[in-house]
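An overview of the molecular structure
These are the residues of each chain, in order.
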2 protein chains.
Amino acid sequence: MADTTTPLRVPAQKLEAFIARAMGAVGVPPGDARIIGELMTRADVQGSEGHGIFRLPQYIRRIKGGAVNVKPDIRVVREAAGMALVDGDNGMGHLVMRFATERAIEKAKDAGVAWVGVRWSNHAGPASLYATVPLAHDMIGLYLAVGNANHLPPWGGLDMLLSTNPIAVAVPAGEEPPIILDMATTVAAYGKVKTKAQRGEMMPEGWMMDRQGRPLTDPKRANEGFLLPIGGYKGYGLALIFGLLAGTLNGAAMGRDVVDFNADDATPTNTGHVIVAINIEAFQPVAEFKKSMDALIRDLRNSQRLPGVERIRLPGEGSHAARADRTRNGIPLPAPLLSALNQLAAELKIAPLS
Amino acid sequence: MADTTTPLRVPAQKLEAFIARAMGAVGVPPGDARIIGELMTRADVQGSEGHGIFRLPQYIRRIKGGAVNVKPDIRVVREAAGMALVDGDNGMGHLVMRFATERAIEKAKDAGVAWVGVRWSNHAGPASLYATVPLAHDMIGLYLAVGNANHLPPWGGLDMLLSTNPIAVAVPAGEEPPIILDMATTVAAYGKVKTKAQRGEMMPEGWMMDRQGRPLTDPKRANEGFLLPIGGYKGYGLALIFGLLAGTLNGAAMGRDVVDFNADDATPTNTGHVIVAINIEAFQPVAEFKKSMDALIRDLRNSQRLPGVERIRLPGEGSHAARADRTRNGIPLPAPLLSALNQLAAELKIAPLS
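Please read all numbers here as calculations on a predicted model, not as lab measurements. (Residues numbered from 1 in each chain as written. Chains lettered and ligands numbered in written order. Predicted model: local features only at pLDDT ≥ 70, side-chain atom pairs only at ≥ 80, totals over all residues.)

For chain A, the count of helices and strands is ten helices and twelve strands. Taking 20 Å as the expected radius of gyration for a compact globule of 354 residues, we find that chain A reaches 20 Å, a close match to that expectation. With the principal axes as the frame, chain A shows a C-alpha extent of 55 × 50 × 45 Å. For chain A, buried positions account for 57% of its 354 residues. (Helix = DSSP H or I, 4+ residues; strand = E, 2+ residues; numbered from the N terminus. Rg over C-alpha atoms; globule rule 2.2 N^0.38 Å. Buried ≥ 20, exposed ≤ 12 C-beta atoms within 10 Å, placed from the backbone.)

Here's what the structure looks like:
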């Protein structure tokens, strides 16, 4: 019953299978294709629409263009008790980050805290996709990454040397759902600008600035300006620091070396990430920690509110709601996306999505 | 030559000695008093005026009030290869954090990355005071803390359950000075509000909001409102997450348990911190890393600039400039501060500052 206002809803399993078919068609081995399908679909299930199946045509284009290695030898190249450095061999970011996250969790069982850096990876979807994996092991997950396109200059500057370098942190609670922060260091992520452009809407002031320092509100003119960091020079500082930790420290791209993966289908990005697994048990009994979390979450939620505010939200509530809805009702696919996926199916000579 | 416009300049050694005398007078053992004097003075030397000798009268008042333990048994209470948990036994925060930072550096030599959590500490000065210590070992330092007074409600709320929970990260370079980010998760730190009030100046819109959600610009009315987080709900998320990692995880105060150390001279704060030491050598040759840092720093500094911007700044430049000036010319002490310190000297029956 798809029309422009009510997008078709598709069950997660169908998305997973379709992504795996597409990946298989361009040479990704079946087991890896299945993992990529699962992780990309998980992004859609948690409501990170800009980072799920929406990216599939671009991923396929870059694989076909030779920018991504479909049979990578993902491996640990340096290791100590509290850290590891993973070389992704230019594989799909989802495979590389899955490997790195498992490694971090394994190491944190003994080490208490394990920091795993990653180089020669690729775009891996939303930051929280990996930060949330340690939750099942009663661990906190912390993820940083260098974004795959520079839309941010240093504060006061014009050269776009920085990306929207995101952070995600997931912290388990007891009866309450986990706290999951997942944010870019810019006021708006670039994907939101693209969405505004597609919809023909204007952006609020504060998202972007033009090269004369004036507010830029027409998303169709986005390439005439740049994103603004949160808190001015503070967000610039955070974007820089997260980039140093996820990029420079790991020998991954940062600054002028960052490849714009939207505009380039042939050049490896050498994407850098960090995943830290923090084993709560190393600090205190897990049950005690979760009790403290529940109490704090309830205090925050039950705070008195500003006039006009209906309820206090905790970081992660949006994704919990999306997950509940989409697990039951399927994932909404807007008509333009569905048509792009059907076109992709035709090109790859695979069965369409539905 | 002190008058109200040109503050007296006092050499660092005199500050160190005076702080040590004051600490000694309230029962802090000589070796510890000297360390506190050094660390507090280092805050002034790097330009963190609100966190150096300015705090001495308050620290002494809290020691006299019984809120702080002058002979703490600071110790590691939990440990694994990649982490430790330090119990500060309610000692002066500077002593506790010095212990924790040394521990993190020692552990990171073997473990590559070491995460040290701290509980039962106290206010320890500016965040960068500890994040910068690993630099001398070719390590990156990362520090988080729970602030010692709640001035921030959850986003949309009125109950002040969060502090300005800061982050500091210090990253070494080669020929260039290190990058040092040191920031509160609010648009302005509360100290800046107090400074505005002292000077009889108004605050810009965006620093604070009143309980009706209107901009609050009169710093004398600060207690009728609250600070605003950077990037709205994003800064709220960061303040919450840093508080969970530095407070809740370590069994330290967070949320409603935070004691306002400005208003209370008798209650221990159970302040929580985190210091992470990241050994660059574990990831790549140090010389190579520093070369990459220099290149990136120069790219950022040489960026084209917005109209009217004279130069691009890197995080830490302000503190480097203050250090150069104050090492040579001494630390400027405004007349009201000098008079407060003289009064303290009289109360404690110790030799005055100069």
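And the narrative resumes.
A few words on the interface of chain A and chain B. If you look at the interface, chain A gives 61 residues, while chain B gives 61 residues. When its residues are assigned to classes, the side of chain A that touches chain B shows 36 nonpolar, 18 polar and seven charged. (Contact = placed C-beta atoms within 7 Å. Nonpolar A, V, L, I, M, F, W, Y, C, P; charged D, E, K, R; others polar.)

Another point: the packing of helix 3 (residues 56–64) of chain B against helix 10 (residues 335–348) of chain B. Residues and elements named next belong to chain B. Helix 10 packs onto helix 3 with a crossing angle of 30 degrees between their chain directions and a minimal axis gap of 10 Å. In terms of orientation, helix 3 lies roughly parallel with respect to helix 10. Along the contact surface, helix 3 presents L56, P57 and I60, while helix 10 presents A340, L341 and L344. When its residues are assigned to classes, the contact of helix 3 with helix 10 shows six nonpolar, no polar and no charged. (Axes fitted to C-alpha atoms, helices over the stretch in contact; angles between N-to-C directions. Parallel < 35°, antiparallel > 145°, perpendicular 65-115°, else oblique.)

Taken together, seven strands build an open sheet; the order of strands is 2-3-4-11-5-6-7 (chain A) and the sheet is mixed. Across the chains shown, the open sheet's two edge strands, defined by having one partner strand only, are strand 2 (75–80) and strand 7 (179–183) of chain A. Going across the sheet, the axis of each strand differs from the next one's by a mean of 10 degrees, ignoring polarity. With five bridges joining them, strand 2 of chain A and strand 3 (residues 83–87) of chain A adopt antiparallel strand pairing. Within strand 3 of chain A, the residue paired with E79 of chain A across the bridge is A84 of chain A. Strands strand 6 (167–171) and strand 7 of chain A of the sheet are contacted by helix 7 (residues 233–246) of chain B, whose axis makes an angle of about 130 degrees with strand 7 of chain A. (Pairing = 2+ DSSP bridges.)

Time to look at the relation of the copies chain A and chain B. Superposing chain A onto chain B takes a rotation of 180 degrees plus a shift of 0.0 Å along the axis, which leaves an RMSD of 0.0 Å. Such a combination of turn and shift is consistent with a two-fold rotation axis. No C-alpha of chain A approaches the rotation axis more nearly than that of G82 of chain A, which lies at 2.2 Å. (Least-squares fit on C-alpha atoms with pLDDT ≥ 70 in both.)

Moving on, we come to the pairing of strand 3 of chain A. Residues and elements named next belong to chain A. Within strand 3, five of the five residues are buried, leaving the element largely enclosed by the surrounding structure. A loop of two residues connects strand 2 with strand 3, the two strands running antiparallel in sequence. The parallel pair strand 3 and strand 4 (residues 113–121) is bridged by helix 4 (residues 93–111), and the resulting crossover is right-handed. (Right-handed = clockwise from strand over helix to strand, strands pointing away.)

With 19 residues, helix 4 (residues 93–111) of chain B extends 26 Å from end C-alpha to end C-alpha; this agrees with the ideal 27 Å at 1.5 Å per step. One or two residues past the end of helix 4 of chain B sits G112 of chain B, with phi positive at roughly 85 degrees. (Expected span 1.5 Å × (residues − 1).)

Attention now goes to the environment of I19 of chain A. Residues and elements named next belong to chain A. Counting through the fold element by element, I19 comes out in helix 1 (residues 12–25). What makes I19 buried here is the crowd of 29 C-beta atoms within 10 Å. As a C-alpha pair, I19 and A127 span 108 residues in sequence and 20 Å in three-dimensional space. Excluding its chain neighbours within four sequence positions, the residues that come into contact with I19 are I36, G37, M40, T41, I53 and L56.

The strands that make up a sheet pair up through hydrogen bonds in the backbone, lying either parallel or antiparallel. All names here are of chain B. Ordered by their spatial adjacency, seven strands build an open sheet running 2-3-4-11-5-6-7, and the pairing between neighbours is mixed. Edge strands, defined here as strands with exactly one partner in the open sheet, are strand 2 (75–80) and strand 7 (179–183). Averaged over all pairs of adjacent strands, the angle between their axes in this sheet comes to 10 degrees, without regard to strand direction. Pairing of strand 4 (residues 113–121) with strand 11 (residues 271–279), which is carried by seven bridges, proceeds in the antiparallel orientation. From the neighbouring strand, V113 faces strand 11, where its bridge partner is I278. Sheet strands touched by helix 4: strand 2, strand 3 (83–87), strand 4, strand 5 (139–145) and strand 11. Its angle to strand 4, the strand with the most contacts, is close to 160 degrees.

With that out of the way, let us pick up the environment of G52 of chain A. Residue and element names in this part refer to chain A. Relative to the assigned elements, G52 resides in the loop between helix 2 (30–45) and helix 3 (56–64). Taking the C-alpha atoms as reference points, G52 and A168, 116 residues apart in sequence, are found 17 Å from one another. Apart from residues lying up to four places away in sequence, G52 is in contact with M40, T41, A43, D44 and G125.

All names here are of chain B. The buried fraction of strand 7 is high, at five of five residues. Here strand 7 shows a buried face lined by I179, L181 and M183 and a second buried face lined by I180 and D182. Examined bridge by bridge, strand 6 (residues 167–171) and strand 7 share five bridges and lie antiparallel to one another. Among the inter-strand pairings, V171 is bridged to a residue of strand 7, identified as I179.

Once that is clear, we can look at the packing of helix 2 (residues 30–45) of chain B against helix 4 of chain B. All names here are of chain B. Two elements in contact, helix 2 and helix 4, have axes separated by 9 Å at closest approach and are oriented at 85 degrees. The pairing of helix 2 with helix 4 is recorded here as roughly perpendicular in orientation. Packed against helix 2, whose contacting residues are D32, I35, I36, L39 and M40, the element helix 4 presents H94, L95 and R98 at the interface. Class assignment of the residues belonging to the contact of helix 2 with helix 4 gives a composition of five nonpolar, one polar and two charged.

Bringing the environment of I278 of chain B into the picture now. Residues and elements named next belong to chain B. Position of I278 among the secondary structure elements: in strand 11. Along the chain, I278 and K109 lie 169 residues apart, while their C-alpha atoms are 8.8 Å from each other. When neighbours within four sequence positions are excluded, I278 is seen to be in contact with A108, V113, M139 and I140.

Our focus in this paragraph is the confidence of the model for chain A. Per-residue confidence for chain A gives a mean pLDDT of 95; residues scoring 70 or more make up 99%. Interface confidence in the predicted complex, given as ipTM, is 0.96; pTM for the same model is 0.97. (pLDDT = per-residue confidence, 0-100.)

Residue and element names in this part refer to chain A. Although it is not a glycine, W120 adopts a positive phi angle of roughly 50 degrees. On the secondary structure map, W120 appears in strand 4. The phi dihedral of K349 is positive, around 55 degrees, even though this residue is not glycine. By secondary structure assignment, the location of K349 is in the segment after helix 10 (335–348). According to the C-beta neighbour criterion, K349 is exposed, with 7 such atoms within 10 Å.

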